[in-house]
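Descriptive analysis of the structure
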Amino acid sequence: MLETRSRGGREVSAGAPKSLGAYLDRIRHDPAEFRTVSRRIVPQSFEVTAVLEHLHLRKEFPTVFFENPLDVHGNPSRFPLVSNLWATRERCADMLEIPRTKAGRELGPLYAELVDQKREPIIVSEAPVQANVLRGDDADMHLLPVVRHFEMDLGPVLTMALAMREPDETFYNITFVKTFPETGRRGGLTIHSAHMSRMTRAWERRGRPFPVINILGHHPAFWLGSMASTPWGDNEYATVGGFLREPLRLVPSVTWGKDFLVPADAEIVIEGEIDAVERTIVDPFGEISRQYQPQELAPVMHVKAITYRDGAIMQDIFSGHPEHMLLGSIPREGSLMRHLRQTVGDNVTAVHVPLSGVGRFVAYISLKKTSEGQPKLAALQAIAQAANLQTVVVVDDDIDVFNEEDVLWAVNTYVDPARDVDLIKNLRPPSDPRGLGSSRLLIDATRPTHKAFPTRLRVPPEVMARIKLEEWLDPVGQEGR
């Protein structure tokens, strides 16, 4: 018999498939990684995000587990709430079973390697996520501790992902989509990803409701895998299996059976249908850009069933803050590095998508320049691969792209604005949440080689290697003895 251990009322087998609760068990002993809020909290009154904002202002980034939230009806929710999971690069590495010491420049390329390690999902007949099934009027989204994040938000919003299947095909797409519950059984959806938008249009042309599921919790590696940049036609259920390092277990849905498969080890799944014609108002919402996304008309989901595992935990994302940014920036670093190595060459040595660009809109690239013009080629390839990039800065490989001060030094020392700065117009995608135009900025901040130019100072590397600081500095309290 498998060894089991208790986690918040749920038994977790030592050899069980990966789950959110099992990952939280790994980090709950460390206060820097995991904190709890046991007092009653009202998610719809900004109390969840107020706690997280205070931690952010103190530059503390633990996962926070809210044990006693109220649901939208104002009653004690049957589901605890967890947020801020992806708020540090080190924790993201740990989620992927990558050493925390490789959370810097190595993390993006190691992430990219996992994209190629797809594992075909397996289908099971029984699943933890279907231990409890709510149908009809009982399938009420207002039973969930839905969070209202920021003061001008339209209302409480579910921030996790939808899964959708292409009509007449077997591949699934998983995309983070905001769900605004208007009633317990009806809500508006913001769908902005290219693949899911394409699937949605294909279904809508058929003129009848079509299936979708809202996944409100799973092992954090599941979500990092869902952010991978994959071509049209890839089954993202297989992609996330590579990130989990085990096949994703699927089970027939309670609404559509084998016609729509759902993750068996998820926490909570909402099974719903999108109306092919109906639209409703969604947003404003405090988005990744740290600005409010304007109102728009969006598709409507009608809830058919809610299923959940015993002891289920609902996940939420602290929008516009490090966990939201890192959840996207690390995958972008990996996909950019992979693309640039293929198109520019192995002399591309590092890529960073910094938090100063909210993990979406700015990229720093380092390379061993072999000719003038190569940095511009790298920048052009970057904006061709990542649709939301607005600014790309290319530096020499002796500049640490993970040290923004180092990058800005190169910009302010090596750049001749008349020669090294280029403006590319009319490329901004319409889904960009910021109130900006459509131009891109490319900056070649590499050391000029076409003319005599001062050399950057440095202490000789052999001396740096010889001097071990702990051997040379006197112990504290013993200076000068």
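Residues numbered from 1 in each chain as written. Predicted model: local features only at pLDDT ≥ 70, side-chain atom pairs only at ≥ 80, totals over all residues. Heavy atoms only, no water.

**Quick notes on the overall build of the protein chain**
Convention followed: Strands here are runs of E lasting at least two residues and helices are runs of H or I lasting at least four, both read from the DSSP assignment and numbered beginning at the N terminus. Each radius of gyration is computed over the set of C-alpha atoms, and the globule rule expresses the reference value as 2.2 Å times the number of residues to the power 0.38. Any residue under 20% of the maximum accessible area for its type is buried, any over 50% is exposed, and the rest in between are partly exposed; the area is computed with a 1.4 Å probe on protein chains only. Any pair of residues with heavy atoms lying within 4.5 Å of one another is described as a contacting pair. For accessible areas, the Shrake-Rupley method is used with a probe of radius 1.4 Å. Any residue's cover is judged against the shown protein chains and nothing else. For the purpose of charge, His is not counted, nor are the chain termini; Lys and Arg are scored as positive and Asp and Glu as negative. The location of each charge is read from NZ of Lys, CZ of Arg, CG of Asp or CD of Glu.
Summing up its helical and strand segments, the protein chain has 13 helices and 24 strands in all. Taken over C-alpha atoms, the radius of gyration comes to 24 Å for the protein chain, in line with the 23 Å a tight globule of 481 residues would show. In terms of principal-axis extent, the alpha carbons of the protein chain reach across some 75 × 65 × 45 Å. The buried share of the protein chain, reckoned over its 481 residues, is 55%. The long-range fraction of contacts in the protein chain, counting pairs at least 24 apart against all pairs at least 6 apart in sequence, stands at 70%. Summed over its atoms, the accessible surface of the protein chain is roughly 21200 Å², and 51% of this surface lies on carbon and sulfur atoms. Taken together, the 56 basic and 64 acidic charged side chains of the protein chain have centroids lying 2 Å from each other.

**Some remarks on the pairing of strand β12 (residues 210–215)**
Put simply, side chains in a regular strand alternate between the two faces of the sheet. Quick note on the threshold: Following DSSP output, two strands are said to pair if at least two bridges run between them.
Counting buried positions along β12 gives six out of six residues, so the element sits mostly inside the fold. Side-chain alternation along β12 places F210, V212 and N214 on one buried face and P211, I213 and I215 on a second face that is also buried. Sheet analysis places β12 next to strand β15 (residues 268–282), joined by six bridges and oriented antiparallel. Bridged to I213 within β15 is E271.

**Brief notes about the environment of R205**
Take R205: it is sitting in the loop between α5 (194–204) and β12. For R205, a relative accessible area of 67% puts it in the exposed group. Between the C-alpha atoms of R205 and T255, which are 50 residues apart in sequence, the distance is 22 Å.

**What about unusual backbone geometry?**
Working note: non-glycine residues mostly have negative phi, and peptide bonds are mostly trans. The residue after D283, namely P284, is reached through a cis peptide bond having omega 15 degrees. Relative to the helices and strands, P284 is located in the loop between β15 and β16 (285–286). In this structure, R290 is a non-glycine residue whose phi angle is positive, near 65 degrees. As for its placement among the helices and strands, R290 is situated in the loop between β16 and β17 (292–293). Residue V358 is not a glycine yet carries a positive backbone phi of 50 degrees. The residue V358 is located in the loop between β20 (348–352) and β21 (362–367) in this model.

**Observations regarding the confidence of the model for the protein chain**
Inclusion rule: Values of pLDDT, the confidence the predictor places in each residue, fall between 0 and 100.
Looking at the protein chain, pLDDT values average 93 and 94% of them are 70 or higher. Contacts from residues 1–14, a stretch scored under 50 in pLDDT, to residues over four places away or in other chains number 31 contacts.

**What to know about the sheet that holds strand β22 (residues 391–396)**
Spelled out, the test is: For helices, the fitted axis covers only the stretch in contact; all axes are lines through C-alpha atoms, and the angles between them, taken along N-to-C directions, range from 0 to 180 degrees.
An order of β20-β21-β22-β24-β23 is seen for the five strands of this open sheet, with the pairing classed as mixed. Edge strands, defined here as strands with exactly one partner in the open sheet, are β20 and β23 (421–424). Averaged over all pairs of adjacent strands, the angle between their axes in this sheet comes to 15 degrees, without regard to strand direction. Sitting on the sheet, helix α8 (residues 322–343) is in contact with β20 and β21, with an inclination near 155 degrees to β20.

**Quick look at the packing of α8 against helix α9 (residues 374–385)**
The line we're drawing: Between 65 and 115 degrees an angle is taken as roughly perpendicular, under 35 as roughly parallel, over 145 as roughly antiparallel, and anywhere else as oblique. Left-handed describes a crossing whose near helix is turned anticlockwise from the far helix through less than a right angle; right-handed describes the clockwise counterpart.
Contact geometry of α8 with α9 gives a least axis separation of 10 Å together with a crossing angle of 130 degrees. It follows that α8 is oblique to α9 by the angle criterion. At the point where α8 passes α9, the crossing takes the right-handed sense. Where α8 approaches α9, its residues S335, L336, H339, L340 and T343 are matched on the opposing element by A378, Q381, A382 and Q385.

**What about the side chain of T280?**
Rules: Think of a polar contact as two N or O atoms within 3.5 Å of one another; within protein, one of them needs to be a possible hydrogen donor and the other a possible acceptor, and neighboring residues in sequence only count if both atoms come from side chains.
Looking at the secondary structure, you find T280 in strand β15. Here T280 falls in the buried class, since its relative accessible area comes to 10%. A distance of 2.3 Å separates polar atoms of two side chains, one belonging to T280 and the other to E182. Each residue touching T280, except ones within four places of it in the same chain, is listed here: E182, R186, G188, E296, L297, A298, P299 and V300.

**A look at the packing of helix α4 (residues 107–115) against α8**
As a reminder of what qualifies: Just so you know the grouping, Ala, Val, Leu, Ile, Met, Phe, Trp, Tyr, Cys and Pro go in nonpolar, Asp, Glu, Lys and Arg go in charged, and all remaining residues, Gly too, go in polar.
Packing of α4 against α8 leaves a shortest axis separation of 7 Å and a crossing angle of 80 degrees. Taken as axis vectors, α4 and α8 run roughly perpendicular relative to one another. Packed against α4, whose contacting residues are L107, G108, P109, Y111, A112 and V115, the element α8 presents I330, P331, E333, G334, M337 and R338 at the interface. Residues that form the contact of α4 with α8 fall into these classes: eight nonpolar, two polar and two charged.

**Structural notes on the side chain of D283**
If you trace the backbone, D283 turns up in the loop between β15 and β16. The contact partners of D283, leaving out residues within four places of it in the chain, are L154, K178, F180, T190, Q293, P294, Q295 and E296.

**Here we look at the sheet that holds strand β3 (residues 34–37)**
Strand order in this open sheet of four strands is β3-β4-β5-β19, and the pairing throughout is mixed. Where the open sheet ends on each side, the last strands, each with one partner, are β3 and β19 (314–315). Pairing geometry for strand β5 (residues 81–83) and β19, over two bridges, is parallel. From the neighbouring strand, L81 faces β19, where its bridge partner is M314.

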